[in-house]
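# Report on the structure
Here's the letter readout for the chains.
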Amino acid sequence: MLVIGSCKSIPKQPLDTTSRKSELVISDTLKWSERMALSIMKRHPKAGQIDNVEKPKWEYKPSFVLLSFQKLYKQTQKSKYNKYIKEYADTFIDSAGSISHYELKDYNIDLVNPGKLLFDLYKDTQDRRYLKAMQLLKKQLEGQPRTASGGFWHKKIYPNQMWLDGLYMETPFYTQYTTTFEDGKNLDDVANQITLIHANSFDSKTGLPFHAWDESKQIGWANKETGTSPTIWSRAVGWYMMALVDILDYFPKEHPKQKELVSYLNQIASDVAKKQDASGLWYQITDIGNKDGNYLEASGSAMFAYAFAKGVNKGYLPNRYKKRANSAFTGLLKNLVKVAQDGEVHLTQISHSAGLGGTPFRDGSNKYYVDAKKFEDNSIGVGSFILAALELNK
């Protein structure tokens, strides 16, 4: 682990948050999960500021970090973590359960992800506006456009396309909702989302999934025979693995699809493990190693560590994967973590979010992913880091 005297400059916060910043003490006696969480709160006293955004948004990035805070709160019972989450939710959800800065008609699957925060908030408070907000997001899934084979489009503007990201954004919410409020009536539909990706998005040579699949095979980035995008991106594979281990929390063992989902997890774990670098980390492009500008990337590595560790902890994966997870976390600490003199923790080499299609057109090539900007302390990286630290009890 590299310890330095000063890190990147921290953007100035509004005056009314100064006192709150000064109260945060980040002790090196705390576990890494808390050290990172407190560092995030120090940089961003309000969760809506995560990633240095000027105006808070209802979106997957801050909510992904807050999902890790929710797990941290359950482990520590420290109310400051739950307050941080609740403040974010209450910024958007009004007394009627409507969500500001959210448009159902866009059918953007990414915007379902923040809904995962609401189950615990509703359970703890019995405040029905959280329930109504969840019902609104469930309504989106009910109307979400689908491919001919029944897969949710990633967004209305991306017809016939399923992205690995989207599986993580919607299937855990969908699974928890249907088991909590509908006696599991839609579990078959959840499983079908995973099965479609498993059947159509995987590379026969590496056993790893490409970032996306266009069932119509019409979009410019799609392979004209298979419909898959060109590149195997570690973060996208990480989204897929995390979706699997998270939905299994709510899939009854007696459900006919449960064993199938566990088998998918074991298959992907085996093939991901084959691409782990000697450093314990994984490259931005999972399968090409140290060439063509490829680099060791933080978020995908942390996602794999989380999925491996949770898979073992839950009994889905053999114990040998815990060693893989620990090696990955050690690799993060040694190569990509910096700690300032005041204890603030920073995570480096986090890939920028990557998409496909659109204007200007994103072709999904290896070069596109390698050339994407790298960030320090980006939400997806730090959220994954906390999740991995919690599962490994670091």
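Structure's up top.
Note that the coordinates shown come from a computational prediction; the quantities given were computed from them, not determined experimentally. (Residues numbered from 1 in each chain as written. Predicted model: local features only at pLDDT ≥ 70, side-chain atom pairs only at ≥ 80, totals over all residues. Heavy atoms only, no water.)

## As for the layout of surface pockets
- Approximately 620 Å³ is the volume found for the largest pocket.
- Forming the walls of the largest pocket are 27 residues, and the residues nearest its centre are Glu59, Tyr60, Lys61, His352 and Ser353.
- Listed by contribution, the elements that provide at least two residues to the lining of the largest pocket are helix H3 (60-76), helix H7 (164-181) and helix H9 (234-247).
- One number sums up the size of the second largest pocket: a volume of about 440 Å³.
- Those elements that provide at least two residues to the lining of the second largest pocket are H3, helix H5 (118-125), H7, helix H11 (298-313) and helix H14 (379-391).
- Among the elements that line the lining of the second largest pocket, the one with the most residues is H3, at five residues.
- Split into classes, the residues belonging to the lining of the second largest pocket amount to seven nonpolar, three polar and nine charged. (1 Å grid on protein atoms, 1.4 Å probe; cavity = no way out; pocket = protein on both sides within 12 Å on 5 of 7 lines; lining within 4 Å. Points joined across faces, edges and corners; volume = space filled by probe spheres on them. Helix = DSSP H or I, 4+ residues; strand = E, 2+ residues; numbered from the N terminus. Nonpolar A, V, L, I, M, F, W, Y, C, P; charged D, E, K, R; others polar.)

## Comments concerning the side chain of Gln144
- One can find Gln144 in the loop between helix H6 (128-143) and strand S2 (161-163).
- We classify Gln144 as buried; its relative accessible area is 3%.
- One polar contact links the side chain of Gln144 to the main-chain carbonyl oxygen of Tyr107, over a distance of 2.8 Å. (Buried < 20%, exposed > 50% of the residue type's maximum accessible area, 1.4 Å probe, protein only. Polar contact = N/O pair within 3.5 Å; in protein donor to acceptor, adjacent residues only side chain to side chain.)

## With respect to the packing of helix H4 (residues 79-92) against H5
- For the pair H4 and H5, the least separation of the axes is 11 Å and the interaxial angle reads 105°. In terms of their interaxial angle, H4 and H5 are classed as roughly perpendicular. Residues Asn82, Ile85, Lys86 and Ala89 of H4 pack against Leu118, Leu121 and Thr125 of H5.
- Residues belonging to the contact of H4 with H5 are distributed by class as follows: four nonpolar, two polar and one charged. (Axes fitted to C-alpha atoms, helices over the stretch in contact; angles between N-to-C directions. Parallel < 35°, antiparallel > 145°, perpendicular 65-115°, else oblique. Contact = heavy atoms within 4.5 Å.)

## Let's talk about helix H8 (residues 187-200)
- Counted at 1.5 Å a residue, the expected span for H8 with its 14 residues is 20 Å, and the 20 Å between its end C-alpha atoms agrees.
- By the burial criterion, the buried members of H8 are Leu187, Asp189, Val190, Ala191, Gln193, Ile194, Leu196, Ile197 and His198.
- In the core, the buried residues of H8 are packed alongside S2, H7, strand S3 (212-214), H9 and helix H10 (258-273). (Expected span 1.5 Å × (residues − 1).)

## Observations regarding the pattern of salt bridges
- In total, this model carries 21 salt bridges according to the counting rule given.
- Between Lys138 and Glu142 there is a salt bridge, with its nearest N and O atoms 2.9 Å apart. Here Lys138 and its partner Glu142 are both found in helix H6, four residues apart, which amounts to about one turn of the helix.
- Residue class for Lys138 comes out buried when judged on its relative accessible area of 4%.
- For Glu142, a relative accessible area of 56% translates into the label exposed.
- With a shortest N-O distance of 2.7 Å, Asp249 and Lys310 are connected by a salt bridge. Here the residue Asp249 occupies a position in the loop between H9 and H10, and Lys310 occupies one in helix H11, the gap between them amounting to 61 residues.
- The exposure class of Lys310 is buried, given its relative accessible area of 2%. (Salt bridge = Lys/Arg side-chain N within 4 Å of Asp/Glu carboxyl O.)

## Regarding empty space enclosed by the protein
- Summed over the entire model, instances satisfying the criterion amount to one cavity of 30 Å³ or more.
- For the largest cavity, the full set of lining residues is Ile109, Phe152, Trp153, His154, Met162, Trp163, Gly166, Leu167, Glu170 and Gln193.
- Elements supplying a minimum of two residues to the lining of the largest cavity: S2 and H7.
- When its residues are assigned to classes, the lining of the largest cavity shows six nonpolar, three polar and one charged.

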